[in-house]
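Results of the structural survey
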Amino acid sequence: MPATPRRMASQGDPRVLFVMNLVLSAVFGTVVVWGLSVVGLLGFSVWNAASLTLILMAITHLVTR
């Protein structure tokens, strides 16, 4: 009976993970800010989208640690 290969979990390249986190957080943050501006709860601006992007990146980093 052949030996079964061990499956090793790969952490991935941290630079790629950082860029993926940045892009996905930016897209999601921009959509959320845009949605809140449509409803009238928040004005749409680059500052608001960037702020939410940084907050989402920090939360994602803490949760995945």
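Residues numbered from 1 in each chain as written. Predicted model: local features only at pLDDT ≥ 70, side-chain atom pairs only at ≥ 80, totals over all residues. Heavy atoms only, no water.

As a further point, take the side chain of Ser 25. Along the chain, Ser 25 turns up in helix H1 (residues 14-39). For Ser 25, a relative accessible area of 5% corresponds to the buried category. A polar atom in the side chain of Ser 25 sits 2.8 Å from the backbone oxygen of Asn 21. Sequence-distant contacts of Ser 25, that is, excluding residues within four places in its chain, are made with Thr 53, Leu 56, Met 57 and Thr 60. (Helix = DSSP H or I, 4+ residues; strand = E, 2+ residues; numbered from the N terminus. Buried < 20%, exposed > 50% of the residue type's maximum accessible area, 1.4 Å probe, protein only. Polar contact = N/O pair within 3.5 Å; in protein donor to acceptor, adjacent residues only side chain to side chain. Contact = heavy atoms within 4.5 Å.)

Before going further, it helps to spend a moment on a nonpolar patch on the surface. Among the surface-exposed residues, Trp 34, Leu 36, Val 38, Val 39, Leu 41, Leu 42 and Phe 44 lie close enough to one another that they form a single nonpolar patch of about 730 Å² accessible area. Inspection of the secondary structure puts Leu 42 in the loop between H1 and helix H2 (46-64). (Patch = residues over 30% accessible without salt bridge, like charges linked within 9 Å, V, L, I, M, F, W, Y side chains within 5 Å. Areas by Shrake-Rupley, 256 points an atom, 1.4 Å probe, with all protein chains shown as cover. Salt bridge = Lys/Arg side-chain N within 4 Å of Asp/Glu carboxyl O.)

Bringing H1 into the picture now. Look at H1: 37 Å from first C-alpha to last across 26 residues, which is about the 38 Å you get at 1.5 Å a residue. All of the buried residues along H1 are Asn 21, Ser 25, Gly 29 and Val 33. Against the buried residues of H1 lie H2. Residue Gly 40 follows H1 closely and has a positive phi angle near 100°. (Expected span 1.5 Å × (residues − 1).)

This next bit is on the packing of H1 against H2. Two quantities define a packed helix pair, namely the angle between the axes and the distance from one axis to the other. Close contact between H1 and H2 brings their axes to 8 Å; oriented N to C, the two are set at 130°. Comparing their axes, H2 and H1 come out oblique. Note on packing geometry: the crossing formed by H1 with H2 is right-handed. Contacts from Phe 18, Asn 21, Leu 22, Ser 25, Ala 26, Phe 28, Gly 29, Thr 30, Val 32 and Val 33 in H1 reach Asn 48, Ala 49, Leu 52, Thr 53, Leu 56, Met 57, Thr 60 and His 61 in H2. Grouping the amino acids of the contact of H1 with H2 by side-chain chemistry returns ten nonpolar, eight polar and no charged. (Axes fitted to C-alpha atoms, helices over the stretch in contact; angles between N-to-C directions. Parallel < 35°, antiparallel > 145°, perpendicular 65-115°, else oblique. Left-handed = near helix turned anticlockwise from the far one by under 90°. Nonpolar A, V, L, I, M, F, W, Y, C, P; charged D, E, K, R; others polar.)

The next point concerns H2. A rise of 1.5 Å per residue sets the reference length of H2, with its 19 residues, at 27 Å; its end C-alpha atoms lie 27 Å apart and thus fit the reference within 8%. For H2, the set of buried residues is Ala 49, Thr 53, Leu 56 and Met 57. One face of H2 carries all of its buried residues, which in axial projection span an arc of 105°. Residues Trp 47, Leu 54 and Leu 62 are exposed on H2 and point more than 90 degrees away from its buried face. Each element contacted by the buried residues of H2 is listed here: H1. (Arc of directions from axis to C-beta.)

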